[in-house]
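Close look at the chain arrangement
So the chains spell out like this:
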Amino acid sequence: MRRNPNHLFFLSAGACLQAIISRIASRQARAWRCAALLPVLFLSAFAQTVRWDPPGGQLGFNQVSQIALIFENCEPDGAPTLPQVEGLAFGRPSQSSQTSIVNFTMTRTFSLVYPVRPDRRTNLSIPAFEIKTDKGPIRVAAASYTVGDATVGNSGVSIDEIASARLTLPKDTFWAGEVFPLTYTLDVARRYFHSLATNIEWPAAPFVAEDWSKPDPSEALIRGERRVISTQTTRAYAKQAGSLTLNPASQMVNLIVGSTGFGLFSQPNVEQRQLDSKAVSVTIKSLPPAPAEFSGTVGEFTFTSKVVPLTAAVGEPITWTVELSGTGNWPDITGLPSRDVSNDFQVIQPKSKRTMKDGSLFEGTLNEDVVLVPSRPGTYRLAPVRFTYFDTKSGTYKTVASESVTVTVTAGSQPMQPPANSGAPLQFSIGSSPAAGPAIRPLPSAVPPVAPENLPRDPLTQSAHGLVPFKIGALWLVVAIPAIVLSLLVWLTLAALRSRENDVQRLRRAARGRLETILAELRTAKPRTSALNAQLRAWQHEVARLWEIPHAAPGPSLVQSTVSIREKEAGATWASLWSEADRALHSREEALPQDWLPRAETALQAVRIPGWVPSSLFAPNNLLPFLFTLALLLAPVTTQAADNRADGAKAYSSGDYPRAE
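**Concerning helix H7 (residues 571–586)**
- If you check H7, its first and last C-alpha atoms are 22 Å apart, about what 16 residues at 1.5 Å a residue would give, namely 22 Å.
- Each element contacted by the buried residues of H7 is listed here: helix H5 (530–546), helix H6 (556–566) and helix H8 (596–605).

So, in structure tokens, the structure goes:
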């Protein structure tokens, strides 16, 4: 069928018109939908909330983490005041803001990101509180967190395995006022160490302490791993005696936990952790009874005195300088000892000058210059100046004294004019003039002594009973029996000490006791730690001493053969334990079998070592040394007694009876 061209034209024109009308309708519908969504967008833009992100979870003990306070469609009005949370420290926050539209919903957020660090192993809760915003006060819901052992980054390794801090002392007993050194050592695995984040925080009280020295870094190879070791020192002393405790020291350290980027553009990811040392106990001893002139100075000091010039005219100044220097409890030293001088001198008030070594609280010098202006001619003696301090090295009081000085004063050409600020200072005691001579004090009148009331003046008329003196034979018994008993007790004591020292099984018993202690410590040791390796090496060392294995590094075969000599059935057991310990120490497994510890304890309990035999006291090697020493001590006495008897007999024969008696 053939179509008319005019008809086709009208059909196509109608289709175009219909398409135009439908497009106009769709645009009108879209405009109406947008107009309907405008109130929704307007209302959603004004919904305000403030919340914690994350609102809960787990924080690492002593690990710095981040939690954010999120403000939605509002901002804080001033610096926010957060509630105090015991055990959780908040740092200074960082700020960020952003605007987003999701599903026709516009949200504007303002974030305060706080670094936080929990210092207690307990559950923490930030209570709900109200915060001021530019839209009015808004309530923030509470957030709860648990605190657990934090690992370093995502390595799964605890901080104790890669870093440690400790305080060390040269000894644990000091005198009150004695200055002692204190060392802080930080030990971190080199592959994790980035830098020190803070200085050492150490509350010194109740001790008086100097500032810590600058870090002295070094590196060491420990058990095949390079370690960064930072050492700092200080000095301190305690004023009061007793059992005291050095507080733990803490320091923040930056650790490398990974990296971002690659090649030249890589950057390390740093995590900040706090390391705490353990508290250290120290005993402070009281000073012995002090002499009267002791002023509380403790340490090591030198004391000097100098007078310039030794000859001067009336009115000319003479300078008397005393100086105390050394190391000790300088914060408690108040001044120098007083000095004696004649009142023929005008004394200008001395001024003490204290000079401390740079950066030191306990090393310094205290000097005092006194100006003496003589008013009369003559020869004067300046008495020695004495200074008493407690010497910590010898544990005794020491008195140092300057030598006495003679000063000659000649007549001056002009009469003396007293200085404007003359006068005796408080530290000086003014003596008498040498020209006037010593003052003569009148003697008190004599008073006859009064006899004691209980002193008898007449012959005794009463009777009384007394003990009859010992006869010679009984006297010898009274004297000899205690001497013999005492000698036997001394011999028994010395023989017991020598017998126990020479006991062939003593070292084996000691090794068995130490093995029990090591096995008890292994029960609490963590696998794959340096402490476990050290305890296993100690176990092998004591096993070698227990079975008297004559080799520095024996193998399982030598262990089995040596143990079998004493206990045939136990050789294979001890060889197996030794082999498994070697495998844990030196192989890649680095782990002991789960039943290794019970088997080691059972094997040790089966070991029987003979105890000390008391009858060994009477062995010849324990008896003869005592008899030989006793013979040497009594030989001169016996010889002298024999000589005395011979001389007495000779004097009696010659008629010299007093000498013979």
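**Observations concerning the layout of surface pockets**
- Quantified by volume, the second largest pocket comes out at close to 620 Å³.
- Secondary structure elements with two or more residues in the lining of the second largest pocket: helix H2 (159–162), strand S11 (163–168) and strand S20 (267–276).
- For the lining of the second largest pocket, the element with the highest residue contribution is S11, accounting for five residues.
- Considering only residue class, the lining of the second largest pocket consists of eight nonpolar, five polar and eight charged.

**A closer look at the packing of H7 against H8**
- Where H7 contacts H8, the axes come no closer than 10 Å and their chain directions differ by 145°. Between H7 and H8 lies a crossing whose hand is left-handed. Every residue of H8 that contacts H7 at Thr573, Trp574, Ser576, Leu577, Glu580 and Ala581 is listed here: Trp596, Arg599, Ala600, Ala603 and Leu604.
- For the contact of H7 with H8, a count of residues per class yields seven nonpolar, two polar and two charged.

**Quick notes on the pairing of strand S30 (residues 396–401)**
- Pairing of strand S29 (residues 386–391) with S30 involves six bridges; the strand directions are antiparallel. In the sheet register, Arg386 faces S30, and the bridge partner there is Ala401.
- The turn joining S29 and S30, which pair antiparallel and follow one another in sequence, is formed by four residues; a positive phi near 70° is taken by Gly395.

**What to know about unusual backbone geometry**
- In this model, Asp53 is joined to Pro54 through a cis peptide bond whose omega is 0°.
- With respect to the helices and strands, Pro54 occurs in the loop between strand S1 (49–53) and strand S2 (56–60).
- Residues other than glycine seldom take positive phi values, yet Asn73 does so here, at roughly 60°.
- Considering the arrangement of structural elements, one finds Asn73 in the loop between strand S3 (65–72) and strand S4 (88–90).
- Phi is positive for Arg223, close to 50°, though the residue is something other than glycine.
- Of note, Arg223 is situated in the loop between strand S16 (216–222) and strand S17 (225–238).

**Observations regarding a nonpolar patch on the surface**
- A cluster of nonpolar side chains, Phe470, Ile472, Leu475, Trp476, Val478 and Val479, forms an exposed patch at the surface whose accessible area comes to about 660 Å².
- Judged by its relative accessible area of 57%, Phe470 falls in the exposed class.

**Examining H6**
- Of all the residues in H6, the buried ones are Val559, Thr562 and Val563. All buried residues of H6 fall inside an arc of 95° around its axis, so they share one side. Along H6, exposed side chains directed more than 90 degrees from the buried face belong to Ser557 and Ile565.
- Where H6 is buried, its residues touch H7.

**Considering the confidence of the model for the protein chain**
- Overall, the prediction assigns the protein chain a mean pLDDT of 80, with 80% of residues at 70 or greater.
- Between residues 1–13, whose pLDDT stays under 50, and residues either more than four places distant or in other chains, the model counts one contact.
- Taken as a whole, residues 418–440 scores under 50 in pLDDT and shows 46 contacts with residues more than four places along the chain or in a different chain.

**Section: the nonpolar core**
- Counting residues in each nonpolar core, the largest one holds 32 residues, and the members touching the most others are Ile162, Leu167, Leu169, Tyr184, Trp202 and Phe207.
- At the level of secondary structure, the elements contributing two or more residues to this core comprise H2, S11, strand S13 (180–189), S17, strand S19 (250–260) and strand S21 (280–285).
- Among the elements that line this core, the one with the most residues is S13, at six residues.
- Those residues within four positions of Trp202 in sequence are excluded, and the remaining contacts are Leu167, Leu182, Ala209, Trp212, Leu246, Asn247, Pro248 and Ala249.

**Quick look at the pairing of strand S5 (residues 94–102)**
- Little of S5 sits out of view: just zero of its nine residues are buried.
- The sheet contact formed by S5 and strand S6 (residues 105–118) spans nine bridges and is antiparallel. Each bridged residue has a counterpart across the sheet, and for Val102 the counterpart in S6 is Thr105.
- In sequence, S5 turns back onto S6 through a hairpin of two residues, with Asn103 there showing a positive phi of about 55°.

Thresholds, definitions, all that
- Residues numbered from 1 in each chain as written.
- Predicted model: local features only at pLDDT ≥ 70, side-chain atom pairs only at ≥ 80, totals over all residues.
- Heavy atoms only, no water.
- Helix = DSSP H or I, 4+ residues; strand = E, 2+ residues; numbered from the N terminus.
- Expected span 1.5 Å × (residues − 1).
- Contact = heavy atoms within 4.5 Å.
- 1 Å grid on protein atoms, 1.4 Å probe; cavity = no way out; pocket = protein on both sides within 12 Å on 5 of 7 lines; lining within 4 Å.
- Points joined across faces, edges and corners; volume = space filled by probe spheres on them.
- Nonpolar A, V, L, I, M, F, W, Y, C, P; charged D, E, K, R; others polar.
- Axes fitted to C-alpha atoms, helices over the stretch in contact; angles between N-to-C directions.
- Left-handed = near helix turned anticlockwise from the far one by under 90°.
- Pairing = 2+ DSSP bridges.
- Patch = residues over 30% accessible without salt bridge, like charges linked within 9 Å, V, L, I, M, F, W, Y side chains within 5 Å.
- Areas by Shrake-Rupley, 256 points an atom, 1.4 Å probe, with all protein chains shown as cover.
- Salt bridge = Lys/Arg side-chain N within 4 Å of Asp/Glu carboxyl O.
- Buried < 20%, exposed > 50% of the residue type's maximum accessible area, 1.4 Å probe, protein only.
- Arc of directions from axis to C-beta.
- pLDDT = per-residue confidence, 0-100.
- Core = buried A, V, L, I, M, F, W, Y, C linked by side-chain atoms within 4.5 Å.

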